[in-house]
There are 2 protein chains.
Amino acid sequence: MGGTMLALHGGAGTIPEGSITDEEAEAYHRGLAACLRAGHAVLARGGSALDAVTAAVMALEDDPLFNAGRGAVLTTDGRPEMDAAIMDGADRAAGAVAGILGPRNPVLAARTVMEKSPHVMLIGEGALRFCREHGLFFMPETYFLTDRRIAALDAELARRASGAADNRSDADRHGTVGAVARDARGNLAAATSTGGMTGKMPGRVGDTPVIGAGTFADNATCAVSATGHGEYFIRWAAAHDISARMAYRGETLEAAAQTVSEALAARGGSGGLIAVDAAGNVALPFNSGGMYRGTIGPDGVPRTGIWREALRPGDP
Amino acid sequence: MGGTMLALHGGAGTIPEGSITDEEAEAYHRGLAACLRAGHAVLARGGSALDAVTAAVMALEDDPLFNAGRGAVLTTDGRPEMDAAIMDGADRAAGAVAGILGPRNPVLAARTVMEKSPHVMLIGEGALRFCREHGLFFMPETYFLTDRRIAALDAELARRASGAADNRSDADRHGTVGAVARDARGNLAAATSTGGMTGKMPGRVGDTPVIGAGTFADNATCAVSATGHGEYFIRWAAAHDISARMAYRGETLEAAAQTVSEALAARGGSGGLIAVDAAGNVALPFNSGGMYRGTIGPDGVPRTGIWREALRPGDP
């Protein structure tokens, strides 16, 4: 037994303070708090870490503020292509999908792969066929599209055509959402979901659905969900590296997470990650200017942050 | 400077000794030796580990005996879907493709992703579009199909329809090819390529293109290419785990590779892997009955094996 803990992120990046209005910042705080409560509600009624991260990521996917599910960013073809993964620390069961457009909640698609197939990763049309066969709830393409993402793609394509420098915030370029949790029985779980990068090449897959890169969970060490420049997280096996440092070097969660975040920065890999260990410790390192993030412990008070300020408690 | 080394595999599994004739076994030995020579020729003329593993895996892909490129196994739809990855231990550059049918050599597609895109992983139609834009050599679907793989799919679908037990050799079910190398400058590289599993669900992706699972390379530790029941290799981040054990626990290549192979077996993950470290040491552990495998050192003598027998030297 022990205290429950859930942490989530909604993307990391430079997020220049002038790039979002105070009103928008408040909307992010409110959105993060609502998603934290969705995950906490599961844990508070004795639910599993797996169910809690599923609920939290579904809420993040449903919120068009974040780059996953509804509001996912668009490829150069003007369509969203979504990736998601989930992992259960109890037995290292895992599921992932990549390059899908249709299921309302890609994290549920990943979970269905984990639970209803002998496989870990399904992609593209084959993944969609599997989702249809298992009765996942689909939405038309228009559901996922938001004016904001269409404008972001238009601006990005215009920028490329003009040859101007890329001064978008990293969070706009490669946002991701994710959650990690520890339940009352000490089980850990992680889930991540994303639309990838605005103006990405169709078919590009980042670290989100790559188990060991953007998503990882093992009760013996930690649960991790990452966000950032995915190619670096893949090449450095970021999520598994944190687990390996804890297992093989005896590093604390905090030390391992911080080391990996700094090592990624030194190599040019901007981003951040959230992690929780079996004792319920949480680490939320990021090497970029900010990371939309939050935690919620047994008291049910969501604590949220965007830049390097201390997390701000909200209403329970 | 130092001695060159190249190792390769052509799949692991039970390979019951009665399941292949002496003639077939000789064909495997000859095929493995030819692919070893293709990789060694690059190293012997001072080429890079990256070029050597590319050449060796291309040769394995071109040989219909092995489950990659020509001769790749078929999905339930009766079509091959190929995955491949490559990684350069010098800078951890990596490239991967999944779910493709068209490029004659999927490993070249992976390498082109690594060298000509800012991305690590491209899948499906988007990957194919990228390959066309970069002038990769395509072959018609009939090039990849062999009577043996068509018969294997027919037999597997008939077995499933009849409800009979699955007594295929694991190597038939989930073969893979791969190579690891150390060049004269001490650089390491790994490459892996596969058609996946006979009768797999379309869209299923195994460990091959998952960096850290089926493919990994870092000059500081080792280069690894795996073959086996991919879902287990993904969940245990097998290739990166070997590297992490060396980096964080000071384990030797041999100990780390053997430990991971045995741990996978204990969890139900049959298969094997090949690995090389910066000193040119090689480990070829497998927890199944056999693994098509071989090594070639500075003497240019290919050494090949199928079951647990000592590797058999061939003609230089």
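Structure: above.
Calculation rules
Residues numbered from 1 in each chain as written. Chains lettered and ligands numbered in written order. Predicted model: local features only at pLDDT ≥ 70, side-chain atom pairs only at ≥ 80, totals over all residues. Heavy atoms only, no water. Buried < 20%, exposed > 50% of the residue type's maximum accessible area, 1.4 Å probe, protein only. Helix = DSSP H or I, 4+ residues; strand = E, 2+ residues; numbered from the N terminus. Pairing = 2+ DSSP bridges. Contact = heavy atoms within 4.5 Å. Buried area = accessible area lost by both parts, 1.4 Å probe. Salt bridge = Lys/Arg side-chain N within 4 Å of Asp/Glu carboxyl O. Polar contact = N/O pair within 3.5 Å; in protein donor to acceptor, adjacent residues only side chain to side chain. Nonpolar A, V, L, I, M, F, W, Y, C, P; charged D, E, K, R; others polar. Axes fitted to C-alpha atoms, helices over the stretch in contact; angles between N-to-C directions. Least-squares fit on C-alpha atoms with pLDDT ≥ 70 in both.

Enquirer: Would you mind going over the pairing of strand 1 (residues 5-13) of chain B with me for this structure?
Expert: Regular strands place their side chains on alternate faces of the sheet. All names here are of chain B. Buried residues dominate strand 1, accounting for nine of its nine residues. The pairing of strand 1 with strand 5 (residues 177-182) spans five bridges and is antiparallel. Each bridged residue has a counterpart across the sheet, and for His9 the counterpart in strand 5 is Gly178. Pairing geometry for strand 1 and strand 12 (residues 290-296), over six bridges, is antiparallel. Residue pairing for strand 12: His9 is matched across the bridge by Arg293.

Enquirer: Where do I start with the interface of chain A and chain B in this structure?
Expert: Interface size is commonly expressed as the accessible surface area that is lost when the partners come together. Facing the 39 residues of chain A at the interface are 39 residues of chain B. Of the roughly 3,400 Å² buried where chain A meets chain B, counting both sides, 64% is carbon and sulfur surface. Together, Ile123, Arg235 and Tyr248 of chain A form the three largest contributors to the area buried by chain A at its contact with chain B, with a combined 21%. Counting every contact that joins chain A to chain B gives two salt bridges. Arg129 of chain A serves as the salt-bridge partner of Asp77 of chain B, at 2.7 Å between the closest nitrogen and oxygen. For the pair chain A and chain B, the number of links is 17 residue pairs in polar contact (both at pLDDT 80 or more). At six residues, helix 9 (residues 238-249) of chain A tops the list of elements feeding residues into the side of chain A that touches chain B. Among the residues forming the side of chain A that touches chain B, the class breakdown is 23 nonpolar, six polar and 10 charged. Of the strand pairs in this sheet, strand 7 (residues 204-205) of chain A and strand 4 (residues 121-123) of chain B are connected by two bridges, and their pairing is antiparallel. Of the residues in strand 4 of chain B, the one forming a bridge with Arg204 of chain A is Leu122 of chain B.

Enquirer: Looking at this structure, I do not really get the sheet that holds strand 10 (residues 271-277) of chain A. What am I missing?
Expert: The strands that make up a sheet pair up through hydrogen bonds in the backbone, lying either parallel or antiparallel. All names here are of chain A. With antiparallel pairing, four strands are arranged side by side in an open sheet as 8-9-10-11. Of all strands in the sheet, those bounded by a partner on one side alone are strand 8 (215-217) and strand 11 (282-283). Here strand 8 pairs with strand 9 (residues 222-228) via three bridges, running antiparallel. Counterpart to Phe216 in the pairing with strand 9 is Val224. Against the sheet, helix 9 engages strand 8, strand 9 and strand 10, with an angle of about 145° to strand 9.

Enquirer: Looking at this structure, how should I read the relation of the copies chain A and chain B?
Expert: For the pair of chain copies, the relating operation is a rotation around an axis with a shift along it. Least-squares fitting of chain A to chain B yields an RMSD of 0.0 Å, with the transformation described by 0.0 Å of translation along the axis and a rotation of 180°. Such a combination of turn and shift is consistent with a two-fold rotation axis. A shared interface surface links the copies, since 100% of the contact residues of chain A are contact residues in chain B too.

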